Amino acid sequence: QVQLVESGGGLVQPGGSLRLSCAASGSIFSAGAMDWYRQAPGKQRELVAAITRGGSTNYADSVKGRFTISRDHAKSTLYLQMNSLKPEDTAVYYCYGRASFTDYWGQGTQVTVSS
């Protein structure tokens, strides 16, 4: 059974850092690319960062140079290191993967950037 479980969200001041984790079970971690999305109140869910099985990465323009996506195959875990956080980064963050023609989402973790 495929399951994605995020952790690491919280309240942080502007300029601070957080690291999100997404623990994956089942075959999804080895299936292919995995992504981080976020959804702010009243806005559509947007792609933040993506990483292929081989480690190639892609980022939204709004987070380039501040966020880093990575994956640990031994631990079947996806990470998102977020530095220089801004209030506009406030959102629920979700990890996403696709396996056997099925989309899988985690439950989300809240990130709030506020002084």
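Heads up: these notes are all about the structure in this document. Per chain, residues are indexed from 1 in the order of the written sequence. Thresholds applied to this predicted model are a pLDDT of at least 70 for local features of residues and 80 or more for the giving and counting of side-chain atom pairs; totals over whole chains, interfaces and linings are not thresholded and use all residues. Excluding hydrogens and water, the side-chain figures rest on all heavy atoms present in the structure.

## Describing the overall build of the protein chain
Helix and strand counts for the protein chain stand at 1 helix and 11 strands. Counted from the first residue to the last, the protein chain has its helices and strands arranged as β-β-β-α-β-β-β-β-β-β-β-β. C-alpha atoms of the protein chain, sized along the principal axes, occupy 40 × 25 × 20 Å. Two residues qualify as a contact provided that any one of their heavy atoms is within 4.5 Å of a heavy atom in the partner residue. For the protein chain, the proportion of contacts with a sequence separation of at least 24, taken over those separated by at least 6, is 52%. A total accessible area of about 6100 Å² is found for the protein chain, and carbon and sulfur atoms account for 46% of it. Taking the average location of the 11 positive side-chain charges in the protein chain and that of its 8 negative ones, the two points are 3 Å from each other. In this description a helix means any DSSP run of H or I spanning at least four residues, a strand means any run of E spanning at least two, and both kinds are numbered starting from the N terminus. Calculation of accessible area relied on Shrake-Rupley with a 1.4 Å probe; when residues are assessed, cover is drawn exclusively from the protein chains displayed. The sign given to each residue is positive for Lys and Arg and negative for Asp and Glu; His and the chain ends receive no count. By convention, the point assigned to a charge is CZ for Arg, NZ for Lys, CD for Glu and CG for Asp.

## Quick notes on the sheet that holds strand β1 (residues 3-7)
Any two strands with at least two DSSP-identified bridges between them are counted as paired. With respect to topology, 4 strands assemble into an open sheet ordered β1-β3-β8-β7, the strand pairing being antiparallel. This sheet does not close on itself; its edge strands, each paired only once, are β1 and β7 (67-72). Each strand axis lies, on average, 15° off the axis of its neighbour in the sheet, ignoring direction. Here β7 pairs with strand β8 (residues 77-82) via 6 bridges, running antiparallel. Paired with isoleucine 69 across the bridge in β8 is leucine 80. Angular values range over 0 to 180 degrees, each being the angle between N-to-C directions of two axes fitted as lines to C-alpha atoms, with helices fitted over their stretch in contact.

## Regarding the environment of tyrosine 93
On the secondary structure map, tyrosine 93 appears in strand β9 (residues 91-99). Throughout this description, buried means an accessible area under 20% of the type-specific maximum (1.4 Å probe, protein chains only), exposed means over 50%, and partly exposed covers the range between. Tyrosine 93 gets classed as buried once you look at its relative accessible area, which sits at 0%. Note: C-alpha distance between tyrosine 93 and leucine 80 (13 residues apart in sequence) is 9.8 Å. What tyrosine 93 contacts, discounting residues up to four positions off in sequence, is Glu6, Leu20, Trp36, Tyr37, Arg38, Val48, Phe67, Leu80, Met82, Gly108, Thr109 and Val111. Within 3.5 Å is the distance limit for a polar contact, defined as a pair of N or O atoms, with the added protein rule that one can donate a hydrogen and the other accept it, and that residues adjacent in sequence qualify only through two side-chain atoms. Of the polar contacts made by the side chain of tyrosine 93, one reaches the side chain of arginine 38; its length is 2.9 Å.

## Structural notes on the pairing of β7
Along β7, the buried face is formed by Phe67, Ile69 and Arg71; none of Thr68, Ser70 and Asp72, which line the opposite face, is buried. Connecting β7 to the next strand, β8, in antiparallel fashion are 4 residues, including serine 76 with a positive phi near 50°.

## Quick word on the state of the cysteines
Note that a disulfide, as used here, is simply two cysteine sulfur atoms within 2.5 Å. Within the structure shown, the criterion is met by 1 disulfide. With a sulfur-sulfur separation of 2.0 Å, cysteine 22 is cross-linked through a disulfide to cysteine 95. Linking cysteine 22 and cysteine 95, the disulfide has an S-S dihedral of approximately 50° and is accordingly described as right-handed. On the criterion of sequence distance, the pair formed by cysteine 22 in strand β3 (residues 18-25) and cysteine 95 in strand β9 is long-range, its members being 73 residues apart. With respect to class, cysteine 22 is no different from cysteine 95; both count as buried.

That is the geometry; function is a separate question.
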